[in-house]
Amino acid sequence: MAAPSEKIDFSSKQEPILRDVSSLKQGSISDDDREVFKANANGVEYRTVTWQRAIVIFIKTQVATGVLGIPSALYNLGAVGGGICIVGFQALNLYTTILAGNFRNNHPECHTIVDMAGILWGPIGREFVGVMFVIAFIFVTSGSILAISIGLNALSNHGACSVAFTFVGTILTIMFSCIRTWGKMTWPLSIGFISVMAGVMVVVIGVTTKSRPAAAPQTGPYELGFYAIAHPTFTAGITAACSIMISSCGCPGYIPVIAEMKRPQDFKKAAIIVAALVGAIYLSFSMVLYRWCGQWIASPSLGSAGPLLKKVAYGIALPSLVVSAGIFNHTSSKYLFVRFLRNSKHLQSNSMVHWSTWIGCNAGVGILAFILAEAIPVFNYILSLEAALFFAPMSLLFPACFWMYDHKEYRTGTGKQKLIYGGHVFLALIASFLVVGGTYGTITQIKASYDAGQLSRVFSCADNSNTVGV
């Protein structure tokens, strides 16, 4: 543990991990000095995000692919179970986001959850979580790129090979993600949020004006598949729950934005407002679509209102799909960029090293997301797998550990403090169950679908939008 007079070696390329916060508060090093991005720097000014702008960034981070995947998950969980999952996970993820944000502000040298893990578990933990963080955001980027490919297929009546559309989506994603600061992304993010809401509204209005779902048999009797209470198998239920859980995971994506806020302490204002808005959006839109489409909901849900309205919805929502992929690609690229250039003069300068590193990180991560999108070409399975493997630990398990690290005294404190500490241990156990159960359930369902021939092969040119037969 560092003594109050200990010097911090900023010449190392590794992130400085400061373990004794109290000693720093008593010394001459201010919180602002410990921030990764320095305010009023002679070069790129990263810390420009106000809490009002943070609302725009946070809400688009959440209302990305989640709103497109939740309705299909309700068929396995039923209206009651699905509604409880939507509200419950939204509230739980808000709480863990606040835990993680508070921990980050107690340790302002942290840029991402990776740095925060390093404080708890040292260099080995930091490297492990760093790999997890990058892979996690490659997964969510790939899901958004796949949605772009589906949209382009729908708009063109499968006018080209699906792999080509996926590649086009990748290029658009990389171009948008190369915007360097979160502050400059707020206007495109606002447009993206409006476009996805408008696209979903087209689908909602469309399905409620039809006598039966567009994907259902158009003549004769049919089973809608709407259930108040469903009775899924374990694998189907846990996979659907993970799809809903990831839709409200804010913690890993919020922390890098907090590091670029003018006043990082204001993040709670934005997080609480966004949680309320997103919960209402998810619950209302998903329930309407499930009530009118039942088991005939498409995944992504924009394809649920028939061929014509599917084109209209994807045409309106396409900017949002590109923006969503871009912000996820930006998040993982920014982590790598900071990792490579931290404590160097190039981090906030306009040098050739700065630009080449930044563009290279964006391009490299984007290409990996392209490969993954073609390797797992099913939207809801990508959501479930990334939720179980990566976002359950980073959004639920790690924040509980962060709180326990900063509140060690609660373990042996008063009865109330022990109870609170035990509650966070229970939260960690819930997260661990989602990791193990969700991964098992999703992999089992992917294998079963491949064996049954229900999934297209990797790098297949087949239509992934179900617009035309191939």
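Here is a short report on the structure shown in this document. Treat the numbers as computed from the prediction; the structure is a model and nothing was measured.

## Thoughts on the overall build of the protein
Within the protein one finds 14 helices and zero strands. Ordered by position from the N terminus, the helices and strands of the protein form the series α-α-α-α-α-α-α-α-α-α-α-α-α-α. Here the protein, with 470 residues, has 58% of them falling under the buried criterion. Restricting the contact set of the protein to residue pairs at least 6 apart, pairs at least 24 apart contribute 83%. As displayed, the protein offers around 18,600 Å² of accessible surface, 67% of which is attributable to carbon and sulfur atoms.

## A word on the state of the cysteines
A full pass over the atoms with the stated rule returns one disulfide. Between C178, a cysteine without a disulfide, and C361, which holds the nearest cysteine sulfur, the sulfur-to-sulfur distance is 9.7 Å. Owing to a relative accessible area of 18%, C178 belongs among the buried residues under this scheme. Among the residues examined, C361 registers a relative accessible area of 7% and is labelled buried.

## What about the packing of helix α7 (residues 186-208) against helix α11 (residues 307-341)?
The axes of two packed helices give the description: the angle between them and the distance between them. Contact geometry of α7 with α11 gives a least axis separation of 8 Å together with a crossing angle of 150 degrees. Regarding the angle of α7 to α11, the classification is roughly antiparallel. α11 is crossed by α7, and the crossing has left-handed handedness. Each of P188, L189, G192, S195, V196, A198, G199, V202, V203 and G206 in α7 lies in contact with α11, whose residues at this interface are L309, V312, A313, I316, A317, P319, S320, V323 and I327.

## Regarding the environment of T357
Tracing the sequence through the fold places T357 in helix α12 (residues 352-375). Taking the relative accessible area as the measure of exposure, T357 reaches 16% and is therefore buried. In the structure, T357 is positioned 16 residues away from L341 in sequence and 8.4 Å away in space, judged by C-alpha atoms. Among residues more than four places away in sequence, those in contact with T357 are F337, F340 and L341. One polar contact links the side chain of T357 to the main-chain carbonyl oxygen of V353, over a distance of 2.7 Å.

About the thresholds
Residues numbered from 1 in each chain as written. Predicted model: local features only at pLDDT ≥ 70, side-chain atom pairs only at ≥ 80, totals over all residues. Heavy atoms only, no water. Helix = DSSP H or I, 4+ residues; strand = E, 2+ residues; numbered from the N terminus. Buried < 20%, exposed > 50% of the residue type's maximum accessible area, 1.4 Å probe, protein only. Contact = heavy atoms within 4.5 Å. Areas by Shrake-Rupley, 256 points an atom, 1.4 Å probe, with all protein chains shown as cover. Disulfide = S-S within 2.5 Å. Axes fitted to C-alpha atoms, helices over the stretch in contact; angles between N-to-C directions. Parallel < 35°, antiparallel > 145°, perpendicular 65-115°, else oblique. Left-handed = near helix turned anticlockwise from the far one by under 90°. Polar contact = N/O pair within 3.5 Å; in protein donor to acceptor, adjacent residues only side chain to side chain.

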